[in-house]
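# Coordinate analysis (summary)
Spelled out, the chains give:
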Amino acid sequence: LELENSLRAALERHEFTLFYQPQVHGMTGEIVGMEALIRWKHPEKGLISPAEFIPVAEETGLIVPIGEWVLYTACMQNKYWQQKGYAPIRVAVNLSARQFQQRNLVSMIARVLKQTGLDPNCLELEITESVAMQNLENTIKLVKQLKDLGVHISIDDFGTGYASLSYLKLFPPIDTLKIDRSFVRDISQNPRNASDALVATMIVLAKNLKLKVVAEGVENEKQLKFLLERQCDEFQGFFFGKPVPAKEFEQFLTRQP
Ligand code: G
Ligand code: G
Ligand code: MN
Ligand code: NA
């Protein structure tokens, strides 16, 4: 309850902030997107990781106003950079289970796009595989409505959701699979390694489904080489950049050609 109250106060006192992590195109090495990741700037405790407060925000329902703040802030920031003359890139925002159950989710997103003036094509919404699986019928309906807005949809933490692969059959409208970093971490360049086989197979699966595939948690050359040889489309990870505040992220952006 204490944490719940301080989360509520944090929202009112504007103590949340967004960090951005670059997403890089495999072939060109160009930056094509960024993932927005929330942080809590606690006046005494300093930066608090979302892993510590998102679960409570989720349980208490506070994730709904917090999630709306995240979406609005990420869209505003992206629009601002485009107006400053940087080449347009996508911003990816994480949606939580609770947000996904909100009746007005689609209208909220439509409103934020209108308020910020961001091109829907420059917004990507990340749904974790386990959230997508919870109520598949609802997910399919929602994803269709979101696609009608013109935004991109990705499946986050792909491969970790205890999901039957058959759920992918129901998903013509999703755009992207994000291979969970637990698989990428264990890439060993050893043909008998299970993670190597799984990552290679996930890339082929995405390609056969005509989905874009992004590897998360890329930390070193060895992983990058493995992923490039298998034509993984995009990369995200500490090798290319950690999540950083907006001001610092600007160094990754390039001027409009
Ligand atoms: O940024 P970091 O790796 O510490 O994030 C930890 C977890 O918090 C990740 O699973 C990430 O998806 C989640 N997370 C970060 N920002 C947000 C957000 O804005 N909304 C939701 N729902 N989850 C977030
Ligand atoms: O669950 P989701 O994929 O939304 O969360 C992204 C999380 O992964 C963030 O908390 C981010 O800090 C973390 N992350 C991003 N890149 C790397 C990486 O290369 N290595 C590790 N260990 N974590 C990463
Ligand atoms: Mn994510
Ligand atoms: Na993930």
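What comes next concerns the included structure. This structure is a prediction, so every number in the text was calculated from the model and none was measured.

## Describing the pairing of strand β6 (residues 152-158)
Burial analysis of β6 places six of its seven residues in the buried class, the great majority of the element. Pairing analysis gives five bridges linking strand β5 (residues 123-128) to β6, with the strands arranged parallel. Its bridge partner lying in β6, Glu126 is registered against Ser154. Pairing analysis gives three bridges linking β6 to strand β7 (residues 176-179), with the strands arranged parallel. Its bridge partner lying in β7, Ile155 is registered against Leu177.

## Comments concerning the environment of Lys225
Mapped onto the secondary structure, Lys225 falls in helix α10 (residues 221-229). It is 9.3 Å that separates the C-alpha atoms of Lys225 and Gln189, two residues lying 36 residues apart in sequence.

## Quick notes on the pairing of strand β2 (residues 31-42)
By the bridge criterion, nine bridges tie strand β1 (residues 16-25) to β2 in an arrangement that is antiparallel. When the bridges of β2 are listed, Leu18 appears paired with Ile38. Counted between consecutive antiparallel strands, the loop separating β1 from β2 contains five residues, among which Gly29 sits at a positive phi close to 75°. Judged from the three bridges that link them, β2 and strand β3 (residues 46-48) form a sheet pairing that is antiparallel. Residue pairing across strands places His42 opposite Gly46, the latter belonging to β3. The antiparallel pairing of β2 with β3 creates a hairpin that spans three residues between the two strands.

## Regarding the site of ligand 2
If you check the shell around ligand 2, you find 14 residues, and the closest are Gly217, Glu219, Gly237, Phe238 and Pro243. Its residues placed into classes, the shell around ligand 2 shows four nonpolar, five polar and five charged.

## Observations regarding the site of ligand 1
As a structural note, the neighbourhood of ligand 1 is formed by Leu37, Ile38, Ser49, Pro50, Ala51, Ile54, Gly67, Val70, Asn94, Ser96 and Pro243. Secondary structure elements with two or more residues in the shell around ligand 1: β2, α2 (50-60) and α3 (63-83). The greatest single-element share of the shell around ligand 1, amounting to three residues, is contributed by α2. Tallied by class, residues from the shell around ligand 1 come to seven nonpolar, four polar and no charged.

## A word on helix α7 (residues 136-149)
End to end, α7 covers 20 Å across 14 residues, agreeing with the expected 20 Å (1.5 Å per residue, within 8%). For α7, the complete set of buried residues consists of Thr139, Leu142, Val143 and Leu146. Looking straight down α7, one finds its buried side chains confined to an arc of 105°; they lie on one side. Structural note: α7 exposes Glu137, Lys141 and Asp148 on the side pointing more than 90 degrees away from its buried face. Residues of α7 that are buried sit in contact with α4 (97-100), α5 (105-116), β5, α6 (129-134) and β6. Phi turns positive one or two residues past the end of α7, at Gly150, with a value near 100°.

## Considerations on the environment of Glu124
With respect to the secondary-structure elements, Glu124 resides in strand β5. Between the alpha carbons of Glu124 and Ile66 there is a distance of 18 Å; along the sequence they are 58 residues apart.

## Observations regarding unusual backbone geometry
One non-glycine residue with positive phi stands out, namely Asp157, at about 55°. Checked against the element boundaries, Asp157 lands in strand β6.

## As for the nonpolar core
With 59 residues, the main nonpolar core has Ala36, Val93 and Ile179 as its most contacted residues. With residues near it in sequence (within four places) discarded, Ile179 still touches Phe158, Gly159, Val184, Val199, Met202, Val213, Val214, Ala215 and Glu216.

## Topic: the packing of α5 against α7
Following both chains from N to C, one finds α5 and α7 inclined at 15°, their axes separated by 10 Å at the closest point. If you check the angle between α5 and α7, you find them roughly parallel. Here α5 and α7 pass one another in a crossing that is right-handed. Residue-level inspection shows Leu105, Val106, Ile109, Ala110 and Leu113 of α5 in contact with α7, the latter providing Leu142, Gln145, Leu146 and Leu149. The class makeup of the residues in the contact of α5 with α7 is eight nonpolar, one polar and no charged.

## Some words on the environment of Pro120
Its location among the elements puts Pro120 in the loop between α5 and β5. Pro120 sits 32 residues away from His152 along the chain, and the two C-alpha atoms are 7.9 Å apart. Apart from the residues lying within four places of it in its own chain, the contact partners of Pro120 are Leu113, Leu149, Gly150 and Val151.

Criteria and cut-off values
Residues numbered from 1 in each chain as written. Chains lettered and ligands numbered in written order. Predicted model: local features only at pLDDT ≥ 70, side-chain atom pairs only at ≥ 80, totals over all residues. Buried ≥ 20, exposed ≤ 12 C-beta atoms within 10 Å, placed from the backbone. Helix = DSSP H or I, 4+ residues; strand = E, 2+ residues; numbered from the N terminus. Pairing = 2+ DSSP bridges. Near = placed C-beta within 6 Å. Nonpolar A, V, L, I, M, F, W, Y, C, P; charged D, E, K, R; others polar. Expected span 1.5 Å × (residues − 1). Arc of directions from axis to C-beta. Contact = placed C-beta atoms within 7 Å. Core = buried A, V, L, I, M, F, W, Y, C linked by C-beta atoms within 7 Å. Axes fitted to C-alpha atoms, helices over the stretch in contact; angles between N-to-C directions. Parallel < 35°, antiparallel > 145°, perpendicular 65-115°, else oblique. Left-handed = near helix turned anticlockwise from the far one by under 90°.

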